[in-house]
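What follows is the residue order along each chain.
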Amino acid sequence: MLSNVTWLAAAHRHAQTHTLAFASLVIGVLAVLALLAQSLWMVLTGDAAAGARYGLLGGLAGFAATTLGALPALALRSIPQKLEDTLLGFAAGMMLAASAFSLLLPGLVSATELLSSKPQGALVVVAGMALGVLLMLGLDEFTPHEHDKTGPCGPGHEGCGRVWLFVFAIALHNLPEGMAIGVSFSQGDLNVGLPLTTAIALQDIPEGLAVALALRAAGFAPGLSVLVAAGSGLLEPLGALLGVGLSGGLALAYPVGLGLAAGSMLFVVSHEVIPQTHRNGHETPATLGLMLGFALMMVLDTTLG
């Protein structure tokens, strides 16, 4: 694995030639730290105990779903590419709908009530979205990682083993999902958190399978492939606790946190998942899968929300 000193040197060189991406990372990280700092006291003193408990359970549900999805890779080396693209399209549709119905809409309602102004409420949520995009843009640019179709990228990737590159790539997907779960439960509102958690858990099943199969295709043993894919799901309960902390303090931090989680998820869907499903000539099945996932999440949100 890449040493801290080597990565810092590579990241420093990368920052000198990618100043906008570096600025995005700095702004996003500072925003997350600020939100976390102002709410940490409330979490530690128990004021956010219910939200933390629900968020942790939601994150564990995502971990369990990821593990369940990865298990077939013990026996399967691959599935038809068309089926994989359709399943990932389904996952993308659920993430898109979850961002809209379970994050952005509650965020708009909350911000509007707090500020007594729809335009100002919308601006608060948009600001949160921008912070989420900046954070993910910076993390994507400066984290060494590898995807099964596009190869390694990020500063210092030459010094990382392939298994670590895959682990970091998975982290970029699962961390914002966990944060979204935590933010949605941060106020202890099951009507917001339950539909979102259900959607993320459902889409984690095909995502877990795709990750495990990608590892097998890269030459890893079946057991290791499943173990790494399942272990990546542990980032969801960790991200959920972070999400609770981000939105458990000042009242306005809640809609900002919802916007941040939505922006992070939208970035992942647009930047990673949809392009991956459209690289192999299966655009129509992937799009139909996306529409099905979006429709299912809309029904779940109406039923459970």
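Residues numbered from 1 in each chain as written. Predicted model: local features only at pLDDT ≥ 70, side-chain atom pairs only at ≥ 80, totals over all residues. Heavy atoms only, no water.

Focus on the overall build of the protein chain
Part 1 of the reasoning: Looking only at helices and strands, the protein chain has 11 helices and 2 strands in total.
Part 2 of the reasoning: Put simply, the protein chain runs from its N terminus to its C terminus through helices and strands in the order α-α-α-α-α-β-β-α-α-α-α-α-α.
Part 3 of the reasoning: For the protein chain, buried positions account for 51% of its 305 residues.
Part 4 of the reasoning: Long-range contacts, defined as pairs at least 24 residues apart, comprise 83% of the intrachain contacts of the protein chain with a sequence gap of at least 6. (Helix = DSSP H or I, 4+ residues; strand = E, 2+ residues; numbered from the N terminus. Buried < 20%, exposed > 50% of the residue type's maximum accessible area, 1.4 Å probe, protein only. Contact = heavy atoms within 4.5 Å.)

Section: helix 7 (residues 190-217)
Part 1 of the reasoning: Compared with the 40 Å implied by 1.5 Å per residue over 28 residues, the 39 Å span of helix 7 between its first and last C-alpha is a close match.
Part 2 of the reasoning: Of all the bends found along helix 7, the most pronounced is centred on Asp 204 and spans about 30 degrees, while Pro 206, a proline, follows it within four residues.
Part 3 of the reasoning: A large share of helix 7 lies buried, amounting to 21 of its 28 residues.
Part 4 of the reasoning: Residue Gly 219 follows helix 7 closely and has a positive phi angle near 105 degrees. (Expected span 1.5 Å × (residues − 1). Bend = angle between axes of the 7 residues up to and from the residue.)

With respect to the side chain of His 282
Part 1 of the reasoning: You can see His 282 is positioned in the loop between helix 10 (253-277) and helix 11 (283-304).
Part 2 of the reasoning: Of note is the side chain of His 282, whose polar atom sits 3.0 Å from the side chain of Asp 85.
Part 3 of the reasoning: For His 282, the contacting residues outside a window of four places in its chain are Gln 81, Lys 82, Asp 85 and Thr 277. (Polar contact = N/O pair within 3.5 Å; in protein donor to acceptor, adjacent residues only side chain to side chain.)

Structural notes on the environment of Asp 301
Part 1 of the reasoning: Tracing the backbone shows Asp 301 in helix 11.
Part 2 of the reasoning: On a C-alpha basis, the gap between Asp 301 and Ala 98 in space is 8.1 Å, while along the polypeptide they are 203 residues apart.
Part 3 of the reasoning: Only 3.1 Å separates the side chain of Asp 301 from the side chain of Ser 102, close enough to count as a polar contact.

As for the packing of aromatic side chains
Part 1 of the reasoning: On inspection of all chains with the given rule, the structure shows 2 aromatic pairs.
Part 2 of the reasoning: Look at Tyr 54 and Phe 185: their rings are 5.9 Å apart centre to centre, the planes differ by 45 degrees, and that puts the pair in the tilted class. One end of the pair, Tyr 54, is in helix 3 (residues 49-70); the other, Phe 185, is in helix 6 (residues 162-185), with 131 residues separating them in the sequence.
Part 3 of the reasoning: Judged by its relative accessible area of 26%, Tyr 54 falls in the partly exposed class. (Phe/Tyr/Trp six-rings, centres within 6.5 Å; stacked < 30°, edge-to-face > 60°.)

Description of the nonpolar core
A general trend in soluble globular proteins is that nonpolar side chains are found buried together.
Part 1 of the reasoning: Met 94, Leu 103, Ala 180, Leu 196, Ile 200, Met 265 and Met 297 are the most contacted members of the largest nonpolar core, which totals 41 residues.
Part 2 of the reasoning: Broken down by secondary-structure element, the contributors of at least two residues to this core are helix 4 (81-115), helix 5 (118-142), helix 6, helix 7, helix 9 (235-247), helix 10 and helix 11.
Part 3 of the reasoning: Broken down by element, the residue count for this core peaks at 11 residues, all from helix 10.
Part 4 of the reasoning: Every residue in contact with Leu 196, bar those within four places of it in the chain, is listed here: Ala 98, Ser 102, Leu 103, Ala 180, Ile 181, Ser 184 and Met 297.
Part 5 of the reasoning: With 12 residues, the next largest nonpolar core counts Ala 73, Ile 79, Val 211 and Ala 212 among its residues. (Core = buried A, V, L, I, M, F, W, Y, C linked by side-chain atoms within 4.5 Å.)

Section: the side chain of Ser 264
Part 1 of the reasoning: Tracing the backbone shows Ser 264 in helix 10.
Part 2 of the reasoning: Of the residues examined, Ser 264 reaches a relative accessible area of 1% and is grouped as buried.

As for helix 10
An α-helix turns once every 3.6 residues. As a result, residues three or four positions apart point the same way.
Part 1 of the reasoning: Relative to the 36 Å expected for 25 residues at 1.5 Å per residue, helix 10 spans 34 Å between its end C-alpha atoms, a close match to the ideal helical length.
Part 2 of the reasoning: Along helix 10, the largest kink reaches about 35 degrees and is centred on Val 269.
Part 3 of the reasoning: The buried fraction of helix 10 amounts to 20 of the 25 residues, a majority that puts the element mostly inside the structure.

Considering a nonpolar patch on the surface
Part 1 of the reasoning: Taken together, the side chains of Leu 68, Leu 71, Leu 74, Leu 202, Ile 205 and Leu 296 present a nonpolar region at the surface, about 470 Å² in accessible area.
Part 2 of the reasoning: By the secondary structure assignment, Leu 68 is in helix 3.
Part 3 of the reasoning: For Leu 68, a relative accessible area of 52% translates into the label exposed. (Patch = residues over 30% accessible without salt bridge, like charges linked within 9 Å, V, L, I, M, F, W, Y side chains within 5 Å. Areas by Shrake-Rupley, 256 points an atom, 1.4 Å probe, with all protein chains shown as cover. Salt bridge = Lys/Arg side-chain N within 4 Å of Asp/Glu carboxyl O.)

Looking at the packing of helix 7 against helix 11
Part 1 of the reasoning: Their axes nearest at 9 Å, the elements helix 7 and helix 11 cross at an angle of 150 degrees. It follows from the interaxial angle that helix 7 and helix 11 lie roughly antiparallel. Of the two possible hands of crossing, helix 7 and helix 11 adopt the one that is right-handed. Residues Asn 191, Leu 194, Pro 195, Leu 196, Thr 198, Ala 199 and Leu 202 of helix 7 pack against Leu 296, Met 297, Leu 300, Asp 301 and Leu 304 of helix 11. (Axes fitted to C-alpha atoms, helices over the stretch in contact; angles between N-to-C directions. Parallel < 35°, antiparallel > 145°, perpendicular 65-115°, else oblique. Left-handed = near helix turned anticlockwise from the far one by under 90°.)

Concerning unusual backbone geometry
Part 1 of the reasoning: Even without glycine at this site, Ser 116 takes up a positive phi of about 55 degrees.
Part 2 of the reasoning: Following the sequence through the fold, Ser 116 ends up in the loop between helix 4 and helix 5.

Quick word on the packing of helix 7 against helix 8 (residues 222-232)
Part 1 of the reasoning: Where helix 7 contacts helix 8, the two axes come as close as 8 Å, and the packing angle between them is 140 degrees. Of the possible angle classes, the one that applies to helix 7 and helix 8 is oblique. In terms of crossing hand, the pair formed by helix 7 and helix 8 is right-handed. Contact residues: helix 7 offers Gly 208, Val 211, Ala 212, Leu 215 and Arg 216, while helix 8 offers Pro 222, Ser 225, Val 228 and Ala 229.
Part 2 of the reasoning: Counted by class, the contact of helix 7 with helix 8 contains 6 nonpolar, 2 polar and 1 charged residues. (Nonpolar A, V, L, I, M, F, W, Y, C, P; charged D, E, K, R; others polar.)

As far as function goes, none of this settles anything; it's purely spatial.
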